[in-house]
Amino acid sequence: MAASGFCFYFLVFLVAFGASLEAANGQLSTKFYKSTCPKALSIVQEGVAAAIKNETRMGASLLRLHFHDCFVNGCDGSVLLDDTANFVGEKTAIPNNNSARGFNVVDDIKAKLEESCPGVVSCADLLAIAARDSTVYLGGPSWNVRLGRRDSTTASKSAANASIPPPTSNLSAIISSFAAQGLSLKDMVALVGAHTIGLARCTSFRDHIYNDTNIDKSFAKSLRQICPKTGNDSVLADLDLKTPFYFDKFYYMNLLKKKGLLHSDQEFFNGGSTDQMVNAFAKNTSLFFEDFSIAMVKMGNIKPLTGNAGQIRINCRRVN
């Protein structure tokens, strides 16, 4: 019995040591919090579920936070930092200002994590887990989230403006933005499928509905009724006009009908190099889900801080 007990605890030690060693070597691990914060995944999952139940749109908002975090100097929780005397953060950058949301939900989940295991779970990891849980809650695929990221001690408004492609981008610019993050053409087309959920402001699609020709005329006309050439900047429209709160392949099906809400959306099906992939995802939910999951894991591994780099923030909004 004693020998069995020793073997069990030694095995637990090996698992924890292996996960810690992976992170120290710059490799994330799906088992990173198994011994140091065993309830971490369930705490985040419960917090995400409660937030989406309270406001369905929040699922898309949390997923988007992870995207916008990873695209700016890696997945390091920098998008969550408030401005300080030393730096202007990313919240007021053009892609995020009056747009990025869900910060209070992150605060609430982080507070519960701190109660359970103080100073252990990073804000960057919280965002990665919340992105997966939001996707699943809204009917999308699941994947094993690799963990062990640490949090940055700074943020950059200018880097956010430079790194996140705006909704007015053409295909070549979007391809360049994703390639700069080490993401392939397939990764890119799969990841933009996240626009199967969520909303966008009038300012983001105004040019598309008034100035572009690659848009269904009746679709454009209906949007002009809520988004005039001037004013109503904050009026919202569904990114997926069919099922805006359900994670499915309708985003791609809309593109085939020239009903992408954003200029950048319709660029993926406009006679270019991504048309074939859009067609494939529009026909096959399983293929989309599989490639989306693979791409999310890949995106989540963009330049993470590990080992002794960065810190584990106690409050996601500010450096310790």
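Residues numbered from 1 in each chain as written. Predicted model: local features only at pLDDT ≥ 70, side-chain atom pairs only at ≥ 80, totals over all residues. Heavy atoms only, no water.

Turning next to the UniProt feature "binding site: substrate" (unreviewed entry) in the protein. In this structure's numbering, the residues bearing the UniProt feature "binding site: substrate" (unreviewed entry) are P165. Within the fold, P165 resides in the loop between α6 (157-163) and α7 (171-179). Each residue touching P165, except ones within four places of it in the same chain, is listed here: F71, S177 and F178. (UniProt positions renumbered as here; feature names shortened; annotations may be inferred. Helix = DSSP H or I, 4+ residues; strand = E, 2+ residues; numbered from the N terminus. Contact = heavy atoms within 4.5 Å.)

This part is about the packing of helix α3 (residues 58-70) against helix α14 (residues 285-299). In contact at an axis separation of 10 Å, α3 and α14 are set at 45° when each is read in the N-to-C sense. By the angle class used here, α3 and α14 are oblique. Where α3 abuts α14, its residues L63, H66, F67 and C70 lie against F292, M296 and M299. Its residues assigned to classes, the contact of α3 with α14 shows 6 nonpolar, 1 polar and no charged. (Axes fitted to C-alpha atoms, helices over the stretch in contact; angles between N-to-C directions. Parallel < 35°, antiparallel > 145°, perpendicular 65-115°, else oblique. Nonpolar A, V, L, I, M, F, W, Y, C, P; charged D, E, K, R; others polar.)

Next up on the list: the UniProt feature "binding site: Ca(2+) 1" (unreviewed entry) in the protein. UniProt annotation of "binding site: Ca(2+) 1" (unreviewed entry) refers to D69, V72, G74, D76, S78 and E90 when read in the numbering used here. Spanning 22 residues, the annotated positions come together in the fold, the maximum distance between their C-alpha atoms being 13.0 Å. Within the fold, S78 resides in the loop between α3 and α4 (103-116). Not counting the four nearest positions on each side in its chain, S78 is found in contact with D69, V72, E90, S152, T154, A155 and R313. Among the polar contacts listed, one links the side chain of S78 to the side chain of D76, at a separation of 2.9 Å. Looking at E90, the relative accessible area reads 1%, which means it is buried. (Polar contact = N/O pair within 3.5 Å; in protein donor to acceptor, adjacent residues only side chain to side chain. Buried < 20%, exposed > 50% of the residue type's maximum accessible area, 1.4 Å probe, protein only.)

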